[in-house]
Amino acid sequence: MSVKVEAVPCLEDNYLWLLRDQPTGAIAICDPGEAAPAIAAVECAGGKLDAIFLTHHHGDHIDGVAALKARFPEARIIGGKPDAHRLPKLDETVDEGDTVRFGAAEAKVMHLPGHTAGHIAFHFAADHFLLCGDVVFALGCGRPLEAGGMEQLYHSFQRLAKLPPDTRFCCGHEYTEANARFALTIEPGNKALRAEAEAAGALRAAGRPTVPTTLAQELVANPYFRARDLAEFTARREAKNHFRG
């Protein structure tokens, strides 16, 4: 594996992601919802930024782009063609199946609609991780916010389930403890889920992120991966919308 990926906390409960390609020293940031932590992370990593990856258009994932680009003008901004009209000005527009080169590594673009219609993810298969934005979370899933989103999100989960089990999901938020509380109302007897909930609590108590998570972990504990069909997926997501536990 050549690319190291690290969660950087920002805003209230977001993560932006710092990528370092070890053979070349290339540095990238994914989904900078806030500029200051992104700039600090880049400076700590060597002070040169090569790329900014964007998964979708929401402000808590793009609001730091302008300041980051101003500080590191050589960085190329890479985002999805389906969302290009509501993203910062892109230097590279990509879509489903495209290959993005980063240092000596490469990522395949996956169009994974549901949270938003234009949501994409970047799959670094050789390095076993997916920059997945707000499509999937540890023990949870993104909220469908646009027309047709629930069905789109269900089908995006079906695609995610076919990735290699060791794929790490680099999620956009620290939602794991809240997701665990809801998931336990669905499957209170799921031992794998209870173990994930306990592990998440211990990590947060130690001040550490609960992500990335792996597909293998999610397949046995995440109620949305475990939904039998679209109707069950929809019922679970709608129940989560009203859950106050």
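Here, the structure is the one placed above.
Just so it is clear, the model here is predicted, and its values are computed rather than measured.

1. Notes on the sheet that holds strand 14 (residues 213-214)
No. 1: On the basis of which strands lie adjacent, the open sheet formed by six strands has the order 7-8-9-10-13-14 and mixed pairing. Each having just a single partner strand, strand 7 (99-102) and strand 14 make up the two edges of the open sheet.
No. 2: Pairing of strand 8 (residues 105-111) with strand 9 (residues 120-124) involves four bridges; the strand directions are antiparallel. Its bridge partner being in strand 9, V109 is matched across the sheet by F122.

2. Remarks on the pattern of salt bridges
A side chain with one charge can pair with a side chain of the opposite charge if their charged atoms come near.
No. 1: What the rule picks out here adds up to 13 salt bridges.
No. 2: R236 is paired through a salt bridge with E232; the nearest N and O atoms lie 3.7 Å apart. Here E232 and R236 lie together in helix 8 (residues 230-241), a separation of four residues that amounts to about one turn.
No. 3: The buried category is assigned to R236, whose relative accessible area is 12%.
No. 4: For E232, a relative accessible area of 17% puts it in the buried group.
No. 5: Salt bridges sharing common partners tie together D83, R86 and E146.

3. Quick notes on the packing of helix 5 (residues 176-186) against helix 6 (residues 191-205)
No. 1: Packing of helix 5 against helix 6 brings their axes to within 9 Å, and their N-to-C directions diverge by 155 degrees. When the axes of helix 5 and helix 6 are compared, the pair comes out roughly antiparallel. The handedness of the crossing between helix 5 and helix 6 is left-handed. On helix 6, the residues that touch T176, E177, A180, A183 and L184 of helix 5 are L193, R194, A197, A200, G201 and R204.
No. 2: When its residues are assigned to classes, the contact of helix 5 with helix 6 shows six nonpolar, two polar and three charged.

4. A look at the sheet that holds strand 3 (residues 27-30)
Neighbouring strands of a sheet are bound in pairs by backbone hydrogen bonds; such pairs are parallel or else antiparallel.
No. 1: Overall, mixed pairing links the six strands, which are arranged 1-2-3-4-5-6 in an open sheet. A single partner strand is all that each edge strand has here, and the edge strands are strand 1 (3-10) and strand 6 (92-94). On average, each strand axis in the sheet is inclined to that of its neighbour by 20 degrees, with strand direction left out of account.
No. 2: Pairing of strand 5 (residues 76-80) with strand 6, which is carried by three bridges, proceeds in the parallel orientation. Within strand 6, the position partnered with I78 by the bridge is E92.
No. 3: Sitting on the sheet, helix 1 (residues 35-45) is in contact with strand 1, strand 2 (14-21) and strand 3, with an inclination near 20 degrees to strand 2.

Calculation notes
- Sequence positions are assigned chain by chain, starting from 1 and proceeding in written order.
- With pLDDT at 70 or above as the cut-off, local features in this predicted model cover only qualifying residues; side-chain atom pairs require 80 or more to be listed or tallied, and sums for whole chains, interfaces and linings still use all residues.
- Each side-chain value is derived from all of the structure's non-hydrogen atoms; neither hydrogens nor water enter the calculation.
- Whether two strands pair depends on DSSP finding at least two bridges between them.
- To qualify as a helix, a DSSP run of H or I must reach at least 4 residues; to qualify as a strand, a run of E must reach at least 2; elements of each kind are numbered from the N terminus.
- Counted as salt bridges are all cases of a side-chain nitrogen of Lys or Arg within 4 Å of a carboxyl oxygen of Asp or Glu.
- Accessibility here uses a 1.4 Å probe with only protein chains present; expressed as a share of the type maximum, an area under 20% marks a residue as buried, one over 50% as exposed, and anything in between as partly exposed.
- Each axis is a line fitted through C-alpha atoms, and for a helix only the stretch in contact is used; angles between axes span 0 to 180 degrees, taken between their N-to-C directions.
- Oblique is the label for every angle not falling under 35 degrees (roughly parallel), over 145 degrees (roughly antiparallel), or within 65 to 115 degrees (roughly perpendicular).
- Helix crossings are classified by the rotation of the near helix relative to the far one: an anticlockwise turn of less than a right angle makes the crossing left-handed, while a clockwise turn makes it right-handed.
- In what follows, a contact means two residues having at least one pair of non-hydrogen atoms within 4.5 Å.
- Residue polarity follows a fixed list, in which Ala, Val, Leu, Ile, Met, Phe, Trp, Tyr, Cys and Pro are nonpolar, Asp, Glu, Lys and Arg are charged, and the others, Gly among them, are polar.

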